[in-house]
Amino acid sequence: MPFIPHTELEVREMLDAIGARSIDDLFDEIPADLRAELKDVPPGLPEMAVMRLMAARAQQDHCDLCFIGAGAYEHHIPAAVWEITTRGEYYTAYTPYQAEASQGTLQLLYEYQTMMAGLTGLDVSNASLYDGASALAEAVLMAVRANRHSKSKRILMPTTVHPHYRQVVHAIVRNQGVELVELAYSRDGGHIDPASLQQYAGEDFAALVIPQPNFFGVLEEVDALTNWAHAQGALVIGVVNPTALALLTPPGAWGTKGADIACGEGQPLGAPLSSGGPYFGFMCCRQEWVRQMPGRIVGRTVDRDGKPGFTLTLQAREQHIRRSKATSNICTNQGLVVTAATIYTSLLGAEGLERVAAASHANTMRLADKLCGVAGVERVFNRPVFHETVLRLPRPVEEVLVALAERSIAGGFNLSETYPELGDAVLVCATETKSEADLDEYAAVLGAILGR
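Conventions adopted
- Residues numbered from 1 in each chain as written.
- Predicted model: local features only at pLDDT ≥ 70, side-chain atom pairs only at ≥ 80, totals over all residues.
- Heavy atoms only, no water.
- Buried < 20%, exposed > 50% of the residue type's maximum accessible area, 1.4 Å probe, protein only.
- Helix = DSSP H or I, 4+ residues; strand = E, 2+ residues; numbered from the N terminus.
- Pairing = 2+ DSSP bridges.
- Expected span 1.5 Å × (residues − 1).
- Arc of directions from axis to C-beta.
- Salt bridge = Lys/Arg side-chain N within 4 Å of Asp/Glu carboxyl O.
- Contact = heavy atoms within 4.5 Å.
- Axes fitted to C-alpha atoms, helices over the stretch in contact; angles between N-to-C directions.
- Core = buried A, V, L, I, M, F, W, Y, C linked by side-chain atoms within 4.5 Å.
- 1 Å grid on protein atoms, 1.4 Å probe; cavity = no way out; pocket = protein on both sides within 12 Å on 5 of 7 lines; lining within 4 Å.
- Points joined across faces, edges and corners; volume = space filled by probe spheres on them.
- Nonpolar A, V, L, I, M, F, W, Y, C, P; charged D, E, K, R; others polar.
- Patch = residues over 30% accessible without salt bridge, like charges linked within 9 Å, V, L, I, M, F, W, Y side chains within 5 Å.
- Areas by Shrake-Rupley, 256 points an atom, 1.4 Å probe, with all protein chains shown as cover.
- Phe/Tyr/Trp six-rings, centres within 6.5 Å; stacked < 30°, edge-to-face > 60°.
- Parallel < 35°, antiparallel > 145°, perpendicular 65-115°, else oblique.
- Left-handed = near helix turned anticlockwise from the far one by under 90°.

(A) Molecular detail of the pairing of strand β8 (residues 281-285). With respect to burial, β8 is a largely interior element, 5 of its 5 residues being buried. Where burial is concerned, the two faces of β8 agree: the one with Gly281, Met283 and Cys285 and the one with Phe282 and Cys284 are both buried. Pairing geometry for strand β7 (residues 261-265) and β8, over 5 bridges, is antiparallel. Within β8, the position partnered with Glu265 by the bridge is Gly281.

Okay, structure coming up:
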C-alpha cells in the first residue's frame, strides 16, 4: 500500500497553483464513457484483519503431490538461491541504466547471459523477457525482421509447440501481418515427421519453429528439421527446456549450421511454481542476428584505468529509442527471477544440472512404467521423451484427475481440450523431487480409482 504524505491542505494548494479544481480535472481528456468505477473492490481493512485474510488465503494452497508439468516444473531449489536473491543488494538494486551506480546488477546479468549462451550453444543472450510464451512471439518477430531472403511473413508452427505459447504468439503477431502455418504431428510418435515437410518444399517461409522437447515431452528430430529449414532459406527458432539442455544437443549444434534463435521458459532454473509466476523468458541467437534481438545485452569492458567494468551495450527497445524503430514494444525485464536463475545455475554447475535432468528423466520412465501397470492405462506415443509423457486412460480424464485431487495428487495436465483427437489422454511429469514412494503412491491411488 503506497504512503501518500500530502495533507488535504497541501493537495489544495498544489491544485490552486495549476488552476485545477480537483484531481479529476487532471484527467478530463479521458472520455466519460471510458471511465469506470472499481465497484467490486471491497472497503479497506485494518492491518490485523488483512493479515488474517491473507493467512486464510495462503491455507488454500494445498501441498499436493504434483505430477503436472506442461511448461512449469517443480524442481528442488536450494535454500541459498532465494536467501541470496532477496538480499538488499539484489532485491532493491538500482536498475542497470546508470552503469556507475549498478555494477553489481550489470555483472550478474553478464554472468547470466554467459551461462545461457553456453547452455544453448549460441553466441549471445539477452537479459531476459517476460515469459516463455512472449519470448517465442518475440523470436517470431525477430526472425521476420532478420530473414532478408524471405519476402513473406509466414512461420511454420508445429502443433507440438505448447498450445498456450501458440495462442500468445498469435495474439501478438496477428496484427503485424504474420501468418502462422500449423504443422500436424505424427499420431504414432507425437513428433513432427521430417518427411511431412516436403509438402512445403519451395515455399517462402521466414522461419521454422522447433520445440525440444515438445509439449508432449517427445524429442523432435531436430537435425533433420533444422537442415530442411536452412535448405529452404528459412531461419530456425528452437523452443527449449533449459534443464533438458544439460543432457540434449544444444540448439547451436542442431543440424549442419545450428539453430538461429533459441528461446524458452526459464522457470525451471530456480523459480518456484508460485501459482503461475513470476517466471521469465530467455532468448539467445547467433552473432549475425544480434542487431535484431529485443531487450538488453550487457557487455564487459575496461575503464580508462584498465579496470574491468560492465555496461549496457545493446538496448534496442522502445524505452531507449523511438517506438517505431524498436525491436520490441514489450518493456519488461524479469530481473529478480533472472538473479535467482543465475545463482541457481552457479550453485549447481554443469554437473549438478545434468544430475537434475538425468534424475527427472529416470523418474518419468519409472512413473510411466508403474502407471501403465494399471489395467487400461497405456502410452500414447512410441518415441523417446524427456521428463513428461502422454498416457491414455480408460475413463474420462477430467473425472480421474478430480478423483486424484481429492486424494491430494495433482495427476497431470488434461489434454482432452487442447488435443481432443487423443481421447482421454493426460500429460504426466516427474522431476528429481519425486521419490520411489511418491511414484508408488500415484500408481496405487490411480489403480484404486480406475478399479472402482
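(B) Summary view of helix α11 (residues 436-450). With 15 residues, α11 should reach 21 Å at 1.5 Å per residue; the first-to-last C-alpha distance of 21 Å fits that figure. Along α11, the residues classified as buried are Asp438, Leu439, Tyr442, Ala443, Val445, Leu446, Ile449 and Leu450. End-on view of α11: buried residues confined to an arc of 170 degrees, all on one side of the axis. Of the exposed residues in α11, the ones pointing more than 90 degrees away from its buried face are Ala437 and Ala444.

(C) Region of the structure containing the pattern of salt bridges. As enumerated under the stated definition, the model contains 17 salt bridges in all. Of the charged contacts, one joins Arg87 and Glu89 as a salt bridge, the two residues approaching to 2.7 Å between their closest N and O atoms. Shared partners join several salt bridges into a network, and the residues in it are Arg366, Lys370, Glu436 and Asp440.

(D) Molecular detail of the sheet that holds strand β15 (residues 425-429). Strand order in the open sheet made by the 4 strands is β11-β12-β15-β14, with antiparallel pairing throughout. Whereas interior strands pair on both sides, the edge strands pair on one side only; in this sheet they are β11 (378-379) and β14 (413-414). Pairing of strand β12 (residues 388-392) with β15 involves 5 bridges; the strand directions are antiparallel. Looking across to β15, one finds that Leu391 is bridged to Val426. The strands touched by helix α9 (residues 335-371) within the sheet are β11, β12 and β15, with β12 carrying the most contacts at an inclination of about 10 degrees.

(E) Summary view of the nonpolar core. Residues Leu156, Phe215, Phe216, Phe381, Val390, Leu415 and Leu422 are the most contacted members of the largest nonpolar core, which totals 64 residues. Here this core takes 9 residues from α9, the largest share from any one element. Once residues within four sequence positions are removed from consideration, Leu156 is found in contact with Val181, Leu183, Tyr200, Phe205, Ala207, Leu208, Val209 and Trp228. With 35 residues, the next largest nonpolar core counts Ala135, Val144, Ile237 and Val290 among its residues.

(F) Fine view of the layout of surface pockets. As a volume, the largest pocket reaches approximately 670 Å³. Lining of the largest pocket is provided by 29 residues; of these, Ala72, Leu273, Ser275, Gly276 and Tyr279 occupy positions nearest its centre. Those elements that provide at least two residues to the lining of the largest pocket are α6 (132-146) and α7 (163-173). Considering every element that reaches the lining of the largest pocket, the biggest residue donor is α7, with 3 residues. Taken together, the residues of the lining of the largest pocket sort by class into 14 nonpolar, 11 polar and 4 charged.

(G) Geometry of empty space enclosed by the protein. For the structure shown, the criterion picks out 4 cavities of 30 Å³ or more. Counted as a void, the largest cavity has a volume near 250 Å³. Lining the largest cavity are 21 residues, with Gly71, Tyr73, Tyr165, Pro213 and Asn241 sitting closest to its centre. Broken down by class, the residue content of the lining of the largest cavity amounts to 12 nonpolar, 7 polar and 2 charged.

(H) Geometry of the sheet that holds strand β6 (residues 235-240). One open sheet accounts for 7 strands, arranged β2-β8-β7-β6-β5-β3-β4; its pairing is mixed. With partners counted over all chains shown, the strands left at the sheet margins are β2 (124-125) and β4 (179-183), one partner each. Direction of pairing for strand β3 (residues 154-158) relative to strand β5 (residues 207-212): parallel, over a ladder of 2 bridges. The residue bridging Leu156 from the neighbouring strand is Leu208, located in β5. Of the strands in this sheet, β3, β4, β6 and β7 are in contact with α7, which crosses β4 at around 160 degrees.

(I) View of a nonpolar patch on the surface. On the surface, Ile18, Ile23, Leu26, Phe27, Ile30 and Leu34 cluster together to form a nonpolar patch covering roughly 590 Å² of accessible area. The topology assignment puts Phe27 in the loop between α1 (8-18) and α2 (47-58).

(J) Molecular detail of the environment of Ala368. As for its position among the elements, Ala368 is in helix α9. Not counting chain neighbours up to four residues away, the residues in contact with Ala368 comprise Arg379 and Thr389.

(K) Geometry of the packing of aromatic side chains. Throughout the structure, instances matching the rule amount to 12 aromatic pairs. Each ring, one from Tyr112 and one from Phe280, has its centre 6.0 Å from the other, and the planes form 70 degrees; the classification is edge-to-face. A residue pair is termed long-range when its members are at least 10 positions apart, and Tyr112 in helix α5 (residues 103-120) and Phe280 in the loop between β7 and β8 qualify at 168 residues. The exposure class assigned to Tyr112 is buried, which follows from its relative accessible area of 2%.

(L) Just the packing of helix α10 (residues 397-406) against α11, in detail. Contact geometry for α10 and α11: axes closest at 10 Å, N-to-C directions at 125 degrees. When the axis of α10 is compared with that of α11, the two are oblique. Note on packing geometry: the crossing formed by α10 with α11 is right-handed. Counted together, Val400, Ala403 and Leu404 of α10 and Tyr442, Val445, Leu446, Ile449 and Leu450 of α11 form the full contact between these two elements. Of the residues in the contact of α10 with α11, the class split is 8 nonpolar, no polar and no charged.

(M) Highlighting unusual backbone geometry. Cis peptide bonds are those with omega within 30 degrees of zero, and the linkage from Gln212 to Pro213 qualifies with -10 degrees. The residue Pro213 is located in the loop between β5 and α8 (222-231) in this model. For the bond from Gly277 to Pro278, the omega torsion is 10 degrees, close enough to zero to count as cis. Relative to the helices and strands, Pro278 resides in the loop between β7 and β8. The backbone of Ser274 shows a phi angle near 50 degrees, a positive value even though the residue is not glycine. Positionally, Ser274 belongs in the loop between β7 and β8. Residue Ser274 is classed as partly exposed on the basis of its relative accessible area, which comes to 40%. The backbone of Ser408 shows a phi angle near 60 degrees, a positive value even though the residue is not glycine.

Interpretation note: all reported values are geometric properties and have no functional meaning in isolation.
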